[in-house]
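Observations on the three-dimensional arrangement
Below, each chain spelled out in residue letters.
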Amino acid sequence: MSGAEASPAQTVMERCDMLAACTEEPGGITRPFASEAMRRAHELVGGWMRDAGMEVRRDQVGNLRGRYEGSGGATLLLGSHLDSVRNAGRYDGPLGVMVAIAALERLHRAGRRLPFGIEVLAFADEEGMRFGSTYLGSRAVAGTLEPHALERRDADGITVADAVRSFGGDPIRIAEDRWSGPKPLGYVEVHIEQGPVLEALGLAVGVVSAIAGQDRFSISFEGVAGHAGTVPMDRRRDALVVAAMFVVAVEQEARAREGLVATVGKLEVRPGAANVIPGRVDLSLDVRHADDSIRLEACGRMLSDAHGLADNRSVAVEVRPLSENAAVPCAPRLVSLLTRAVADCGQAAVQLPSGAGHDGVAMASVTDVGMLFVRCKGGVSHHPAESAAVEDVAVAIDVLGRFLELLGQQ
Ligand SMILES: [Zn+2]
(Lines give C-alpha, C1' and ligand atoms only; values in the text may rest on other atoms or scores of the structure.)
Protein backbone atom coordinates (compact mmCIF):
# COMPACT_ATOMS: atom_id res chain seq x y z
CA MET A 1 0.00 0.00 0.00
CA SER A 2 1.25 3.45 -0.81
CA GLY A 3 -0.02 6.98 -1.23
CA ALA A 4 -2.53 8.88 0.90
CA GLU A 5 -4.88 6.94 3.14
CA ALA A 6 -8.35 6.49 1.69
CA SER A 7 -11.01 8.87 3.00
CA PRO A 8 -13.87 7.30 4.99
CA ALA A 9 -16.19 7.79 2.01
CA GLN A 10 -13.71 6.11 -0.34
CA THR A 11 -13.47 3.24 2.11
CA VAL A 12 -17.27 2.95 2.12
CA MET A 13 -17.30 2.81 -1.69
CA GLU A 14 -14.56 0.16 -1.73
CA ARG A 15 -16.40 -1.90 0.84
CA CYS A 16 -19.61 -1.73 -1.20
CA ASP A 17 -17.55 -3.01 -4.16
CA MET A 18 -16.16 -5.87 -2.06
CA LEU A 19 -19.65 -6.81 -0.89
CA ALA A 20 -20.83 -6.77 -4.51
CA ALA A 21 -18.46 -9.68 -5.08
CA CYS A 22 -20.37 -11.70 -2.46
CA THR A 23 -22.98 -13.10 -4.82
CA GLU A 24 -24.70 -16.36 -5.68
CA GLU A 25 -24.70 -15.48 -9.37
CA PRO A 26 -21.34 -14.51 -10.87
CA GLY A 27 -21.50 -11.43 -13.05
CA GLY A 28 -24.37 -9.91 -11.07
CA ILE A 29 -25.22 -9.21 -7.43
CA THR A 30 -27.63 -11.72 -5.94
CA ARG A 31 -27.29 -12.13 -2.20
CA PRO A 32 -30.23 -13.98 -0.65
CA PHE A 33 -31.08 -14.57 2.99
CA ALA A 34 -28.89 -17.19 4.72
CA SER A 35 -26.85 -17.95 1.60
CA GLU A 36 -23.18 -18.73 1.06
CA ALA A 37 -22.85 -15.24 -0.42
CA MET A 38 -24.29 -13.80 2.80
CA ARG A 39 -21.84 -15.85 4.85
CA ARG A 40 -18.94 -14.27 2.93
CA ALA A 41 -20.51 -10.82 3.36
CA HIS A 42 -20.72 -11.44 7.12
CA GLU A 43 -17.03 -12.32 7.29
CA LEU A 44 -16.14 -9.01 5.67
CA VAL A 45 -18.63 -6.86 7.55
CA GLY A 46 -17.83 -8.54 10.87
CA GLY A 47 -14.15 -7.70 10.36
CA TRP A 48 -14.92 -4.07 9.57
CA MET A 49 -17.16 -3.84 12.63
CA ARG A 50 -14.37 -5.19 14.85
CA ASP A 51 -11.89 -2.74 13.29
CA ALA A 52 -14.30 0.03 14.30
CA GLY A 53 -14.21 -1.09 17.93
CA MET A 54 -17.40 -3.13 17.96
CA GLU A 55 -18.28 -6.41 19.63
CA VAL A 56 -19.79 -8.56 16.90
CA ARG A 57 -22.31 -11.39 17.00
CA ARG A 58 -24.71 -13.06 14.66
CA ASP A 59 -28.19 -13.58 16.03
CA GLN A 60 -30.36 -16.68 15.51
CA VAL A 61 -32.27 -15.46 12.44
CA GLY A 62 -29.02 -14.36 10.78
CA ASN A 63 -28.63 -10.62 11.39
CA LEU A 64 -25.08 -9.45 12.04
CA ARG A 65 -24.99 -7.14 15.07
CA GLY A 66 -22.08 -4.96 16.14
CA ARG A 67 -22.09 -3.03 19.42
CA TYR A 68 -20.01 0.02 20.22
CA GLU A 69 -20.23 0.63 23.94
CA GLY A 70 -20.96 4.05 25.35
CA SER A 71 -20.51 5.59 28.76
CA GLY A 72 -24.23 5.23 29.56
CA GLY A 73 -26.71 2.39 29.42
CA ALA A 74 -28.98 3.64 26.62
CA THR A 75 -28.64 2.33 23.07
CA LEU A 76 -29.08 3.88 19.66
CA LEU A 77 -29.72 1.46 16.81
CA LEU A 78 -28.25 2.08 13.36
CA GLY A 79 -28.55 -0.22 10.38
CA SER A 80 -29.75 -1.39 7.04
CA HIS A 81 -29.82 -4.71 5.19
CA LEU A 82 -27.20 -6.91 3.55
CA ASP A 83 -29.49 -9.06 1.40
CA SER A 84 -30.34 -8.04 -2.15
CA VAL A 85 -32.82 -8.58 -4.95
CA ARG A 86 -31.78 -10.69 -7.94
CA ASN A 87 -29.25 -8.88 -10.16
CA ALA A 88 -29.16 -5.97 -7.72
CA GLY A 89 -27.16 -2.81 -7.41
CA ARG A 90 -24.40 -2.51 -4.81
CA TYR A 91 -25.74 0.29 -2.59
CA ASP A 92 -29.33 -0.58 -1.69
CA GLY A 93 -28.81 -1.84 1.85
CA PRO A 94 -25.02 -2.22 2.21
CA LEU A 95 -24.47 1.55 1.94
CA GLY A 96 -26.40 2.18 5.15
CA VAL A 97 -24.43 -0.45 7.06
CA MET A 98 -21.11 0.85 5.69
CA VAL A 99 -21.93 4.49 6.52
CA ALA A 100 -22.87 3.50 10.08
CA ILE A 101 -19.58 1.61 10.49
CA ALA A 102 -17.66 4.57 9.03
CA ALA A 103 -19.24 6.97 11.54
CA LEU A 104 -18.29 4.66 14.41
CA GLU A 105 -14.81 4.08 13.04
CA ARG A 106 -14.27 7.83 13.37
CA LEU A 107 -15.31 7.77 17.03
CA HIS A 108 -13.17 4.69 17.67
CA ARG A 109 -10.05 6.22 16.10
CA ALA A 110 -10.51 9.36 18.19
CA GLY A 111 -10.92 7.10 21.25
CA ARG A 112 -14.33 8.62 21.94
CA ARG A 113 -17.33 7.17 23.72
CA LEU A 114 -20.78 8.72 23.53
CA PRO A 115 -23.17 8.80 26.50
CA PHE A 116 -25.05 5.90 24.82
CA GLY A 117 -24.06 2.63 23.21
CA ILE A 118 -24.62 2.09 19.50
CA GLU A 119 -25.70 -1.18 17.94
CA VAL A 120 -25.27 -1.56 14.19
CA LEU A 121 -27.82 -4.00 12.78
CA ALA A 122 -26.98 -5.55 9.41
CA PHE A 123 -30.33 -7.10 8.61
CA ALA A 124 -30.66 -10.51 7.01
CA ASP A 125 -33.73 -10.19 4.80
CA GLU A 126 -35.28 -6.92 3.74
CA GLU A 127 -35.95 -7.68 0.08
CA GLY A 128 -37.52 -11.10 0.64
CA MET A 129 -36.04 -12.45 -2.59
CA ARG A 130 -35.54 -16.03 -1.43
CA PHE A 131 -38.76 -16.65 0.51
CA GLY A 132 -41.14 -13.96 -0.71
CA SER A 133 -41.09 -12.74 2.87
CA THR A 134 -40.52 -9.25 4.12
CA TYR A 135 -38.29 -8.14 6.96
CA LEU A 136 -37.43 -11.60 8.38
CA GLY A 137 -34.38 -10.03 10.06
CA SER A 138 -35.90 -6.86 11.49
CA ARG A 139 -39.13 -8.59 12.48
CA ALA A 140 -37.08 -11.05 14.53
CA VAL A 141 -35.51 -8.07 16.33
CA ALA A 142 -38.94 -6.47 16.71
CA GLY A 143 -40.39 -9.73 18.05
CA THR A 144 -43.10 -9.67 15.37
CA LEU A 145 -41.97 -12.63 13.29
CA GLU A 146 -44.89 -15.08 13.29
CA PRO A 147 -43.92 -18.76 13.73
CA HIS A 148 -45.56 -19.71 10.41
CA ALA A 149 -43.09 -17.43 8.60
CA LEU A 150 -40.48 -20.10 9.36
CA GLU A 151 -42.46 -22.63 7.30
CA ARG A 152 -42.19 -20.66 4.06
CA ARG A 153 -40.27 -22.49 1.34
CA ASP A 154 -37.87 -21.22 -1.28
CA ALA A 155 -37.81 -22.36 -4.92
CA ASP A 156 -35.89 -25.51 -3.89
CA GLY A 157 -38.39 -26.43 -1.18
CA ILE A 158 -36.08 -25.43 1.68
CA THR A 159 -37.94 -23.87 4.62
CA VAL A 160 -36.88 -20.67 6.39
CA ALA A 161 -36.25 -22.81 9.50
CA ASP A 162 -33.89 -25.10 7.54
CA ALA A 163 -32.12 -22.10 6.00
CA VAL A 164 -31.65 -20.55 9.45
CA ARG A 165 -30.25 -23.85 10.74
CA SER A 166 -27.80 -24.27 7.86
CA PHE A 167 -26.66 -20.67 8.42
CA GLY A 168 -25.77 -21.55 12.01
CA GLY A 169 -28.85 -20.26 13.80
CA ASP A 170 -31.48 -22.09 15.83
CA PRO A 171 -35.04 -21.43 14.60
CA ILE A 172 -36.44 -22.44 18.00
CA ARG A 173 -34.48 -19.65 19.64
CA ILE A 174 -35.41 -16.80 17.28
CA ALA A 175 -37.49 -15.24 20.04
CA GLU A 176 -34.13 -14.47 21.72
CA ASP A 177 -33.32 -12.07 18.86
CA ARG A 178 -36.06 -9.75 20.06
CA TRP A 179 -34.81 -6.45 21.46
CA SER A 180 -35.00 -7.00 25.20
CA GLY A 181 -33.17 -4.04 26.75
CA PRO A 182 -34.70 -0.71 27.69
CA LYS A 183 -36.41 1.09 24.82
CA PRO A 184 -33.63 2.25 22.44
CA LEU A 185 -33.10 5.95 21.69
CA GLY A 186 -34.19 5.22 18.14
CA TYR A 187 -33.43 3.32 14.96
CA VAL A 188 -31.72 5.39 12.26
CA GLU A 189 -31.04 4.11 8.77
CA VAL A 190 -29.07 5.63 5.91
CA HIS A 191 -30.27 4.42 2.49
CA ILE A 192 -30.09 5.45 -1.14
CA GLU A 193 -33.19 7.38 -2.12
CA GLN A 194 -34.30 4.97 -4.88
CA GLY A 195 -36.07 7.95 -6.45
CA PRO A 196 -35.17 11.08 -8.41
CA VAL A 197 -36.13 13.83 -5.93
CA LEU A 198 -32.71 14.67 -4.41
CA GLU A 199 -31.06 14.58 -7.82
CA ALA A 200 -33.65 17.02 -9.18
CA LEU A 201 -33.06 19.32 -6.19
CA GLY A 202 -29.28 19.05 -6.54
CA LEU A 203 -28.88 17.77 -2.96
CA ALA A 204 -26.59 15.06 -1.59
CA VAL A 205 -28.90 13.94 1.22
CA GLY A 206 -32.45 14.36 2.48
CA VAL A 207 -34.28 13.57 5.70
CA VAL A 208 -37.12 11.08 5.41
CA SER A 209 -40.43 12.31 6.84
CA ALA A 210 -42.34 9.02 6.65
CA ILE A 211 -42.29 5.60 5.04
CA ALA A 212 -45.36 5.38 2.83
CA GLY A 213 -48.20 3.05 3.68
CA GLN A 214 -49.05 0.49 1.05
CA ASP A 215 -52.06 -1.52 -0.11
CA ARG A 216 -51.89 -4.45 -2.47
CA PHE A 217 -54.89 -6.00 -4.17
CA SER A 218 -55.49 -8.75 -6.64
CA ILE A 219 -58.43 -7.86 -8.90
CA SER A 220 -60.20 -10.14 -11.38
CA PHE A 221 -62.57 -9.08 -14.15
CA GLU A 222 -64.68 -11.96 -15.44
CA GLY A 223 -66.50 -11.46 -18.75
CA VAL A 224 -67.30 -13.93 -21.48
CA ALA A 225 -64.78 -15.35 -23.92
CA GLY A 226 -65.92 -15.71 -27.51
CA HIS A 227 -64.89 -15.90 -31.12
CA ALA A 228 -63.08 -12.75 -32.24
CA GLY A 229 -64.67 -13.04 -35.69
CA THR A 230 -68.28 -13.90 -34.97
CA VAL A 231 -69.39 -12.06 -31.80
CA PRO A 232 -70.60 -8.54 -32.74
CA MET A 233 -69.12 -5.64 -30.80
CA ASP A 234 -72.38 -4.75 -29.06
CA ARG A 235 -72.75 -8.31 -27.68
CA ARG A 236 -69.35 -8.57 -26.05
CA ARG A 237 -68.43 -8.74 -22.40
CA ASP A 238 -64.72 -8.20 -22.90
CA ALA A 239 -62.82 -8.39 -19.61
CA LEU A 240 -59.70 -6.78 -21.04
CA VAL A 241 -61.53 -3.67 -22.22
CA VAL A 242 -62.78 -3.14 -18.66
CA ALA A 243 -59.31 -3.85 -17.27
CA ALA A 244 -57.75 -1.35 -19.68
CA MET A 245 -60.23 1.34 -18.63
CA PHE A 246 -59.49 0.50 -15.02
CA VAL A 247 -55.72 0.91 -15.53
CA VAL A 248 -56.33 4.39 -16.95
CA ALA A 249 -58.74 5.24 -14.11
CA VAL A 250 -56.09 4.21 -11.55
CA GLU A 251 -53.57 6.50 -13.18
CA GLN A 252 -56.03 9.40 -13.15
CA GLU A 253 -56.93 8.89 -9.48
CA ALA A 254 -53.24 8.77 -8.55
CA ARG A 255 -52.32 11.86 -10.55
CA ALA A 256 -55.10 13.84 -8.91
CA ARG A 257 -53.43 13.59 -5.49
CA GLU A 258 -50.03 14.98 -4.55
CA GLY A 259 -47.69 12.21 -3.44
CA LEU A 260 -50.06 9.38 -4.33
CA VAL A 261 -48.63 6.55 -6.44
CA ALA A 262 -50.62 3.64 -7.83
CA THR A 263 -49.48 0.86 -10.14
CA VAL A 264 -51.00 -2.01 -12.06
CA GLY A 265 -47.81 -4.00 -12.51
CA LYS A 266 -49.13 -7.42 -13.41
CA LEU A 267 -51.91 -8.29 -15.80
CA GLU A 268 -52.91 -11.73 -17.10
CA VAL A 269 -55.33 -12.11 -19.97
CA ARG A 270 -57.22 -15.36 -20.47
CA PRO A 271 -57.50 -17.34 -22.54
CA GLY A 272 -54.86 -15.15 -24.19
CA ALA A 273 -55.26 -15.89 -27.89
CA ALA A 274 -55.32 -13.51 -30.83
CA ASN A 275 -58.67 -14.77 -32.07
CA VAL A 276 -60.50 -15.03 -28.74
CA ILE A 277 -62.29 -12.23 -26.88
CA PRO A 278 -60.65 -11.97 -23.42
CA GLY A 279 -62.92 -13.72 -20.94
CA ARG A 280 -60.93 -13.02 -17.81
CA VAL A 281 -58.24 -10.64 -16.60
CA ASP A 282 -56.38 -10.90 -13.32
CA LEU A 283 -54.35 -7.89 -12.33
CA SER A 284 -52.47 -6.43 -9.39
CA LEU A 285 -52.96 -3.03 -7.82
CA ASP A 286 -50.37 -1.35 -5.57
CA VAL A 287 -51.28 1.97 -3.90
CA ARG A 288 -48.98 4.04 -1.68
CA HIS A 289 -49.00 7.33 0.21
CA ALA A 290 -47.28 8.67 3.31
CA ASP A 291 -50.69 9.65 4.74
CA ASP A 292 -52.90 6.65 5.50
CA SER A 293 -56.17 8.55 5.20
CA ILE A 294 -55.30 9.72 1.68
CA ARG A 295 -54.25 6.19 0.70
CA LEU A 296 -57.42 4.60 2.07
CA GLU A 297 -59.65 7.17 0.42
CA ALA A 298 -57.86 6.66 -2.91
CA CYS A 299 -58.16 2.86 -2.63
CA GLY A 300 -61.88 3.29 -2.03
CA ARG A 301 -62.24 5.41 -5.17
CA MET A 302 -60.19 3.01 -7.30
CA LEU A 303 -62.15 -0.04 -6.16
CA SER A 304 -65.42 1.73 -6.78
CA ASP A 305 -64.10 2.61 -10.28
CA ALA A 306 -63.44 -1.11 -10.79
CA HIS A 307 -67.02 -1.95 -9.85
CA GLY A 308 -68.54 0.90 -11.87
CA LEU A 309 -66.58 0.08 -15.03
CA ALA A 310 -67.34 -3.63 -14.72
CA ASP A 311 -71.08 -3.05 -14.10
CA ASN A 312 -71.34 -0.83 -17.18
CA ARG A 313 -70.22 -3.71 -19.34
CA SER A 314 -71.88 -6.57 -17.46
CA VAL A 315 -68.53 -7.92 -16.37
CA ALA A 316 -68.07 -9.40 -12.89
CA VAL A 317 -65.36 -8.10 -10.63
CA GLU A 318 -63.70 -9.66 -7.63
CA VAL A 319 -61.33 -7.78 -5.34
CA ARG A 320 -58.96 -9.63 -2.98
CA PRO A 321 -56.91 -7.50 -0.59
CA LEU A 322 -53.42 -9.04 -0.37
CA SER A 323 -51.65 -6.84 2.12
CA GLU A 324 -51.89 -3.54 3.90
CA ASN A 325 -49.06 -1.74 5.65
CA ALA A 326 -49.78 1.47 7.49
CA ALA A 327 -47.48 4.41 6.89
CA VAL A 328 -44.65 4.76 9.38
CA PRO A 329 -44.08 8.41 10.23
CA CYS A 330 -40.49 9.14 11.18
CA ALA A 331 -40.24 10.42 14.76
CA PRO A 332 -40.37 14.26 14.81
CA ARG A 333 -37.52 14.24 17.37
CA LEU A 334 -35.22 12.28 15.04
CA VAL A 335 -36.37 14.18 11.94
CA SER A 336 -35.51 17.51 13.53
CA LEU A 337 -32.16 16.25 14.85
CA LEU A 338 -31.22 14.83 11.44
CA THR A 339 -32.38 18.04 9.78
CA ARG A 340 -30.16 20.04 12.14
CA ALA A 341 -27.24 17.72 11.43
CA VAL A 342 -27.70 18.24 7.68
CA ALA A 343 -27.74 22.03 8.13
CA ASP A 344 -24.70 21.89 10.45
CA CYS A 345 -22.83 20.11 7.65
CA GLY A 346 -23.50 23.10 5.38
CA GLN A 347 -26.20 21.42 3.33
CA ALA A 348 -29.73 22.49 2.48
CA ALA A 349 -32.05 20.31 4.56
CA VAL A 350 -35.14 18.94 2.86
CA GLN A 351 -37.61 16.36 4.04
CA LEU A 352 -39.15 13.78 1.74
CA PRO A 353 -41.28 10.66 2.13
CA SER A 354 -40.07 7.18 1.23
CA GLY A 355 -42.23 5.37 -1.30
CA ALA A 356 -40.30 2.15 -0.73
CA GLY A 357 -40.58 0.01 2.39
CA HIS A 358 -37.61 -0.39 4.72
CA ASP A 359 -36.61 -2.30 7.87
CA GLY A 360 -37.78 0.79 9.77
CA VAL A 361 -41.35 -0.43 9.15
CA ALA A 362 -40.64 -3.43 11.39
CA MET A 363 -38.42 -1.49 13.81
CA ALA A 364 -41.18 1.07 14.42
CA SER A 365 -42.76 -1.38 16.88
CA VAL A 366 -39.56 -1.28 18.96
CA THR A 367 -38.55 2.35 18.88
CA ASP A 368 -38.67 5.69 17.06
CA VAL A 369 -37.50 5.56 13.46
CA GLY A 370 -35.46 8.08 11.47
CA MET A 371 -33.94 7.82 7.99
CA LEU A 372 -31.45 9.72 5.88
CA PHE A 373 -31.59 9.35 2.10
CA VAL A 374 -28.54 9.64 -0.13
CA ARG A 375 -28.93 10.84 -3.71
CA CYS A 376 -28.64 8.10 -6.32
CA LYS A 377 -28.12 8.53 -10.02
CA GLY A 378 -31.34 8.72 -12.03
CA GLY A 379 -33.31 7.39 -9.07
CA VAL A 380 -32.31 3.89 -10.25
CA SER A 381 -32.29 0.99 -7.76
CA HIS A 382 -32.76 -2.80 -7.81
CA HIS A 383 -30.59 -2.74 -10.92
CA PRO A 384 -26.85 -3.10 -11.67
CA ALA A 385 -26.81 0.55 -12.82
CA GLU A 386 -27.56 1.71 -9.26
CA SER A 387 -25.03 4.44 -8.47
CA ALA A 388 -24.09 6.78 -5.62
CA ALA A 389 -21.35 9.42 -5.62
CA VAL A 390 -18.42 9.29 -3.20
CA GLU A 391 -18.96 13.02 -2.44
CA ASP A 392 -22.55 12.32 -1.39
CA VAL A 393 -21.44 9.39 0.74
CA ALA A 394 -18.94 11.71 2.45
CA VAL A 395 -21.82 14.07 3.30
CA ALA A 396 -23.87 11.17 4.66
CA ILE A 397 -21.01 10.08 6.96
CA ASP A 398 -20.57 13.67 8.20
CA VAL A 399 -24.31 14.08 8.79
CA LEU A 400 -24.59 10.80 10.68
CA GLY A 401 -21.53 11.74 12.76
CA ARG A 402 -23.01 15.15 13.53
CA PHE A 403 -26.34 13.52 14.40
CA LEU A 404 -24.56 11.29 16.94
CA GLU A 405 -22.92 14.38 18.49
CA LEU A 406 -26.24 16.20 18.72
CA LEU A 407 -27.95 13.19 20.25
CA GLY A 408 -25.09 12.90 22.74
CA GLN A 409 -25.65 16.51 23.82
CA GLN A 410 -29.31 15.88 24.67
ZN1 LIG B 1 -33.07 -1.38 0.69
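Numbering of residues starts from 1 in every chain and runs along the sequence as written. Where local features are concerned, this predicted model is filtered to residues with pLDDT of at least 70; where side-chain atom pairs are given and counted, the filter is 80 or more; whole-chain, interface and lining totals use all residues. With hydrogens and water stripped out, all remaining heavy atoms of the structure feed into the side-chain values.

For the rest of this paragraph, the subject is the packing of helix H9 (residues 332-344) against helix H11 (residues 390-409). Where H9 contacts H11, the axes come no closer than 8 Å and their chain directions differ by 120 degrees. Classified by the interaxial angle, the pair formed by H9 and H11 is oblique. Read as a crossing pair, H9 and H11 show a hand that is right-handed. Taken together, the residues of H11 that come into contact with H9 (itself represented by Arg333, Leu334, Leu337, Leu338, Arg340, Ala341, Val342 and Asp344) are Val399, Arg402, Phe403, Leu406 and Leu407. For this classification, Asp, Glu, Lys and Arg are treated as charged, while Ala, Val, Leu, Ile, Met, Phe, Trp, Tyr, Cys and Pro are nonpolar and the rest, including Gly, are polar. Looking at side-chain class alone, the contact of H9 with H11 contains nine nonpolar, no polar and four charged residues. The angle between two axes is taken between their N-to-C directions and runs from 0 to 180 degrees, where each axis is a line fitted to C-alpha atoms and a helix contributes only its stretch in contact. By the criteria applied, helices consist of DSSP H or I runs no shorter than four residues and strands consist of E runs no shorter than two, each listed in order from the N terminus. By definition in this entry, angles of less than 35 degrees are roughly parallel, angles greater than 145 are roughly antiparallel, angles of 65 to 115 are roughly perpendicular, and the rest are oblique. The crossing is said to be left-handed when, going from far helix to near helix, the turn is anticlockwise and less than a right angle, and right-handed when the turn is clockwise. Residues count as neighbours in contact if any of their non-hydrogen atoms are within 4.5 Å of one another.

Once that is clear, we can look at the coordination of the zinc ion. Sites may look incomplete because water is not among the atoms; the donors themselves are N, O and S atoms within 2.8 Å of the metal, or within 3.2 Å for Na, K and Ca. Every protein donor of the zinc ion is accounted for by His81 (NE2), Asp92 (OD) and His191 (NE2), and the metal-donor separations fall at 1.9 to 2.2 Å. Every donor residue of the zinc ion comes from the same chain, spaced as H-x10-D-x98-H. You can see His81 sitting in strand S3 (residues 75-81) and its partner Asp92 sitting in the loop between S3 and helix H3 (94-109), a full 11 residues away along the chain. Each member of the pair, His81 together with Asp92, is buried. Type-normalised accessible area, obtained with a 1.4 Å probe on protein chains alone, sets the label of each residue: buried when under 20%, exposed when over 50%, and partly exposed for intermediate values.

Here Ser138 is to be found in helix H4 (residues 136-142). Its relative accessible area of 0% is what places Ser138 among the buried residues. A polar contact of 2.6 Å, which involves the side chain of Ser138, links it to the side chain of Asp359. Setting aside chain neighbours within four positions, we find Ser138 in contact with Asn63, Phe123, Asp359, Ala362 and Met363. Side-chain atoms alone can form a polar contact between residues adjacent in sequence; in general such a contact is a pair of N or O atoms within 3.5 Å, and within protein one must be able to donate a hydrogen while the other accepts it.

A pair of sulfur atoms, both from cysteines and within 2.5 Å, is called a disulfide here. Tallied over the entire structure, the rule returns zero disulfides. Between Cys16, a free cysteine, and Cys22, which holds the nearest cysteine sulfur, the sulfur-to-sulfur gap is 11 Å.

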